[in-house]
Amino acid sequence: MRHKGRSVTKETMTQKLQEPVGMLVVKDKVPVEYQSLLKDQLGEREYSFITYVPETTVIQDTPDLVELEEEIETSQSQPISGSQSGGSNDYIPPVTRGTNTETDEFEMSQSQPVNFSQSSGSSDYIPPVTRGTNLETGEFHFPENKPEILGEAVDRLDLSPNAVAFIVNAFLESRGVEDYKLSPGYVRCALEKARQARLEEQVGMKVEMIGFDGKREDSSIMVRDPESGRVYFEKKRMDNISVIKLPENRYIGSTVAENGSGKGCKDAIVSLFNKREIIFRPRLVQSDGTGVNTGHENGAISLLEEEFESPVQWVICFLHHLDLPLLALVEFYFGEGRGPRERGFTGYLGEVISGEELHKQPVVAFEAIKPEDELPILEASSLNKDQYTFIRLLRAVVTGKCPKEDSALRMPVLSSVRWLSCATRILRAYISIQEPPEAMKRLVEYVCKVYGPMWLKAKHQPNLVNGAGHLFEEMKRIENYCTEEEKQILQPSVQRNSYFAHSENLLLSLLGSDELEDREFAVRQILKIRRKEKEEEKEKEKQPEKQKKKQKKSKKVRAFKIPTLQWGVDEARRMIKEEDFISQPPLLMDVSDDTVNSFIDRPWSTDLVCHSQAVEKAVQLTSSKTRLIGENKDAAALNTEISRRNRPQMRSLADYS
């Protein structure tokens, strides 16, 4: 028999039956090894000891309890050895060791005995050992056992069951607890139970909005030798695709694409939802601007629309969009990079920004490059190390002053996926060069007046409603701060990735605008598009049957093509021509005309964001679990996510108080 993880011996049971204070017992089945003892002490009735309470708290009106107390008082039993009772009334039963009933606190020490008769002067006092006891019904309920919490922590820290058991047992031994040991088997069972619970929670879940991103990396796979039948694990480079649910940013899972094409990506995503028995009806898809995802014919998002025969809202990461014009300008001034694996640039720029000890270069007197407006302020808690380093160096160049602690910040590794690291290194090199070349000055000016402020605004105001506004402001900054030669380089790059200028995204931004004129314009355009769609449906009904069949076989969803940007305009709604407003936002297709009209007085709002950094975090989470295979990989990632959400990391001593 076990109680709160501690063994109850025959001698302990006898001692409890002889206690002079009131005792609460409940009729129930008991283990075989204690039946004879209880029958000798209590007669033929079978009782199971629960815990004991002070005399003043025992209910005197319960017949069974009064009768049982009389039997206990008249019962005779064998004396208890001093090793168990200590030969005094200061005996501490296993369930109360470490509990201070006067302060109502739990301590891991066993040095202070507990005297129940003096635990409280109040007749209503219930010591900690009786919490969970219903004194009216005489029933006791143990606190709910939650082994999943342990399993979540194990997956979060990537520890083995043996390591967890060793650490816990070492701690218990250091605190003087010798009668309890945590077994690796219990940890392993807790881990399996937690993983199974995470996967079962997804069955039947409804998902309408997703974000996804892929990464080619080495992952573990199980291989069986055809000759010997032996099973072993090996590493193989695969395209892992991570998927999250929006707007909660909840991790759903990862899947492997057969190839790096849009079709391979689409098939992998659909297979993931089918395998998990998740109800998937996409209305919005978020990703970066890679051609594999965004191709209007064979991109993954377009193929998802064809698969479900319904258009979805395209949300393409604005931060990824900002990187591409910067890359174009860097290549214009300093030539092409070495390639994705070499991570750097050739020539002068490669020499000054690629060093591993760039942060050790001395800071010289440099010219400040200040934009006309103030830079937004972001909380450090919302930034990772690379982002924090970029912001500190950006403010140093803007103000013309670089504190010593900022210049000593370690530089991020150059990445071919995110060019924030390149911008950071350019700023750090600039403040260490006595006379930087004109090309370096122009590049730094672009970072300080266009790239940096827009990156900060996208982080400071990330709501999807602001996406088109950010794009419009970027266009204005390029026109105001860049030379004609630079515009020829930057404008085509902005055009290729201006997904927020599409009528479906632009209309959402206008509906959420603070300007009444913008909202009225958006409502007129949406209602106009709906009237046109109804007229087209009527025309189709009048067509012959043969023509109708041909149209059914053709593509059923509109092609998502970026319209031509109108540079030099003074309002965001004029970024594209009025005839380019050809389709309404898919998110509003089920919204009635009356509701659309109501957005004139009450701006449309959402919790969605215009960047995909939550998806990038999911990719990192997937990468951290590539040592596992099959569903264990996703289950471990789900455990890690829920553990982070329910038990945030404690960074200071105050968090443990």
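Higher on the page you've got the structure.
Since the model is a prediction, treat every value here as computed from it, not as a measurement.

Peer 1: Hey, could you run me through the overall build of the protein in this one?
Peer 2: Within the protein, the regular secondary structure consists of 24 helices and 13 strands. Considering the protein as a whole, with its 657 residues, one finds that 48% of them fall into the buried category. When contacts within the protein are restricted to residue pairs at least 6 apart in sequence, those whose partners lie at least 24 apart make up 71%. Accessible surface computed for the protein: about 34900 Å², of which carbon and sulfur atoms make up 48%.

Peer 1: Sorry if this is basic, but what is going on with helix 13 (residues 385–399) here?
Peer 2: Since the α-helix packs 3.6 residues into each turn, any two residues three or four apart lie on the same face. Taking 1.5 Å of rise per residue, 15 residues should cover 21 Å, and helix 13 covers 21 Å from first to last C-alpha, within 8% of that figure. Residues of helix 13 that are buried in the fold lie against helix 14 (404–407), helix 15 (420–430), helix 16 (438–460) and helix 23 (613–623). At the N-terminal end of helix 13, a side-chain oxygen is found 3.2 Å from the backbone nitrogen of aspartate 386, two or three residues along, and the residue is asparagine 384. After helix 13 finishes, the residue glycine 400 shows a positive phi value of roughly 85 degrees.

Peer 1: When you look at empty space enclosed by the protein in this model, what are you seeing that I'm missing?
Peer 2: A probe as big as a water molecule, rolled over the atoms, marks out the empty space that is left. Applying the stated rule across the entire model yields 3 cavities of 30 Å³ or more. Taken as a whole, the second largest cavity holds about 50 Å³ of empty space. Taken together, Gly289, Ile316, Cys317, Phe318, His320, His321, Asn497, Tyr499 and Phe500 form the lining of the second largest cavity. Looking at the lining of the second largest cavity element by element, the count peaks at 3 residues for helix 11 (residues 318–334). When the residues that make up the lining of the second largest cavity are grouped by side-chain class, the tally is 5 nonpolar, 4 polar and no charged.

Peer 1: How do you make sense of the pattern of salt bridges when you look at a structure like this?
Peer 2: As a working rule, side chains carrying opposite charge can pair if their charged atoms are close by. Evaluation of the coordinates by the stated rule reveals 33 salt bridges. Between aspartate 373 and arginine 477 there is a salt bridge; the shortest N-O distance is 2.4 Å. Separated by 104 residues along the polypeptide, aspartate 373 in the loop between helix 12 (347–353) and helix 13 and arginine 477 in helix 17 (residues 467–481) bring together distant segments of the chain. We classify aspartate 373 as partly exposed; its relative accessible area is 27%. With relative accessibility at 5%, the residue arginine 477 sits in the buried group. Here lysine 449 and glutamate 445 are joined by a salt bridge, their closest N and O atoms 3.0 Å apart. Of the two residues, lysine 449 and glutamate 445 are both situated in helix 16; the distance of 4 residues between them amounts to about one turn of the helix.

Peer 1: For this particular structure, what's the right way to read the packing of helix 8 (residues 262–276) against helix 10 (residues 300–308)?
Peer 2: How two helices sit against one another is set out by the angle between their axes and by the gap between those axes. As a packed pair, helix 8 and helix 10 sit with axes 8 Å apart at the nearest point and diverge in direction by 50 degrees. Looking at the two axes, helix 8 sits oblique to helix 10. Regarding helix 8 and helix 10, the two cross each other, and that crossing is right-handed. Across the interface between the two elements, Gly262, Lys263, Cys265, Lys266 and Val270 of helix 8 pack against Ala300, Leu303, Leu304, Glu307 and Phe308 of helix 10.

Peer 1: Quick question: what am I supposed to make of the pairing of strand 11 (residues 250–257) here?
Peer 2: Taken residue by residue, a regular strand's side chains alternate between the two faces of the sheet. With 6 of its 8 residues buried, strand 11 lies for the most part within the structure. Between the end of strand 10 (residues 231–245) and the start of strand 11, which pair antiparallel, lie 4 residues, with asparagine 249 showing a positive phi angle near 60 degrees.

Peer 1: Would you explain the sheet that holds strand 10 in this entry?
Peer 2: Sheet strands line up and pair through hydrogen bonds in the backbone, either parallel or antiparallel. Spatial strand order, 11-10-9-12-13: 5 strands in an open sheet with mixed pairing. Strand pairing shows two members of the sheet lacking a second neighbour, strand 11 and strand 13 (313–316), which therefore form its edges. Direction aside, the axes of adjacent strands within the sheet are offset by 45 degrees on average. Of the strand pairs in this sheet, strand 10 and strand 11 are connected by 7 bridges, and their pairing is antiparallel. Its bridge partner being in strand 11, lysine 245 is matched across the sheet by arginine 250.

Peer 1: Honestly, the side chain of lysine 266 in this entry has me stumped. Any pointers?
Peer 2: Tracing the backbone through its elements, the reader meets lysine 266 in helix 8. Overall, the relative accessible area of 9% leaves lysine 266 in the buried class. With sequence-adjacent residues up to four places away left out, lysine 266 is seen in contact with Ala300, Leu303, Leu304 and Glu307.

Peer 1: I'm lost on the nonpolar core in this one. Help?
Peer 2: For soluble globular proteins, nonpolar side chains are generally found buried alongside one another. Formed by 100 residues in total, the largest nonpolar core has its most connected members in Phe390, Ile426, Leu427, Val444, Tyr451 and Trp455. If one sorts the elements of this core by residue count, helix 16 sits on top with 13 residues. By size, the runner-up hydrophobic cluster in this structure holds 26 residues, among which are Cys265, Ile269, Val270 and Ile316.

Peer 1: Would you mind showing me how to read the packing of helix 11 against helix 17 here?
Peer 2: Relative to each other, helix 11 and helix 17 sit at 15 degrees, their axes nearing to 11 Å. Between helix 11 and helix 17, the crossing angle belongs to the class labelled roughly parallel. The two elements helix 11 and helix 17 meet at a crossing, and its hand is right-handed. Contacts from Phe318, His321, Leu322 and Pro325 of helix 11 reach helix 17 at Gly467, His470, Leu471 and Glu474. For the contact of helix 11 with helix 17, the per-class residue count stands at 4 nonpolar, 3 polar and 1 charged.

Peer 1: I would appreciate a short explanation of the packing of aromatic side chains in the present structure.
Peer 2: One pair of aromatic rings is described through two measures. These are the centre distance and the angle between the planes. According to the stated counting rule, one finds 10 aromatic pairs in the structure shown. Taking 5.7 Å as the distance between ring centres and 70 degrees as the angle between the ring planes, the aromatic pair formed by phenylalanine 390 and tryptophan 455 counts as edge-to-face. Here phenylalanine 390, found in helix 13, pairs with tryptophan 455, found in helix 16; they are 65 residues apart in sequence, far enough to count as distant. Among the residues examined, phenylalanine 390 registers a relative accessible area of 0% and is labelled buried. Tryptophan 455 gets classed as buried once you look at its relative accessible area, which sits at 3%.

The rules behind each value
- Numbering of residues begins from 1 in every chain and follows the order in which that chain's sequence is written.
- Confidence filtering applies because this is a predicted model: local features only for residues at pLDDT of at least 70, side-chain atom pairs given and counted only at 80 or more, and all residues used for totals across whole chains, interfaces and linings.
- Hydrogens and water molecules were not included; the side-chain quantities draw on all heavy atoms of the structure.
- Runs of E in the DSSP output that reach at least two residues are strands. Runs of H or I that reach at least four are helices, and both are numbered from the N terminus.
- Partly exposed residues are those whose accessible area sits between 20% and 50% of the maximum for their type, while under 20% is buried and over 50% is exposed, using a 1.4 Å probe and protein chains only.
- Any two residues whose heavy atoms approach within 4.5 Å are treated as being in contact.
- Note on areas: these come from Shrake-Rupley sampling with a 1.4 Å probe, and a residue is covered only by the protein chains present in the view.
- Any helix carries an expected span of 1.5 Å times its number of residues minus one.
- Polar contacts, as counted here, are pairs of nitrogen or oxygen atoms within 3.5 Å of one another; within protein the pair requires one atom able to donate a hydrogen and one able to accept it, and residues that are adjacent in sequence qualify only if both atoms are side-chain atoms.
- Here a cavity is any set of points on a 1 Å grid over the protein atoms alone where a 1.4 Å probe fits but cannot get out, and a pocket is any open set with protein on both sides within 12 Å along at least 5 of 7 lines; a residue lines the site when it has an atom within 4 Å of a point.
- Grid points are joined across faces, edges and corners, and a volume is the space filled by probe spheres set on the points.
- As a working rule, the residues Ala, Val, Leu, Ile, Met, Phe, Trp, Tyr, Cys and Pro are called nonpolar, Asp, Glu, Lys and Arg charged, and the rest polar, with Gly in that last group.
- Any Lys or Arg side-chain nitrogen located within 4 Å of an Asp or Glu carboxyl oxygen qualifies as a salt bridge.
- As a rule, the C-alpha atoms of each element are fitted with a line to give its axis, helices using only the stretch in contact, and angles between N-to-C directions run from 0 to 180 degrees.
- Should an angle lie under 35 degrees it is considered roughly parallel, over 145 roughly antiparallel, and from 65 to 115 roughly perpendicular; all remaining angles are considered oblique.
- In this scheme the handedness of a crossing depends on how the near helix is turned from the far one: anticlockwise by less than a right angle means left-handed, clockwise means right-handed.
- At least two DSSP bridges between two strands are required for those strands to pair.
- In plain words, nonpolar cores are sets of buried Ala, Val, Leu, Ile, Met, Phe, Trp, Tyr and Cys residues tied together by side-chain atoms within 4.5 Å.
- Within 6.5 Å between ring centres, the rings of Phe, Tyr and Trp (the latter by its six-membered ring) count as paired, and their orientation is classed by plane angle as stacked under 30 degrees, edge-to-face over 60, tilted in between.

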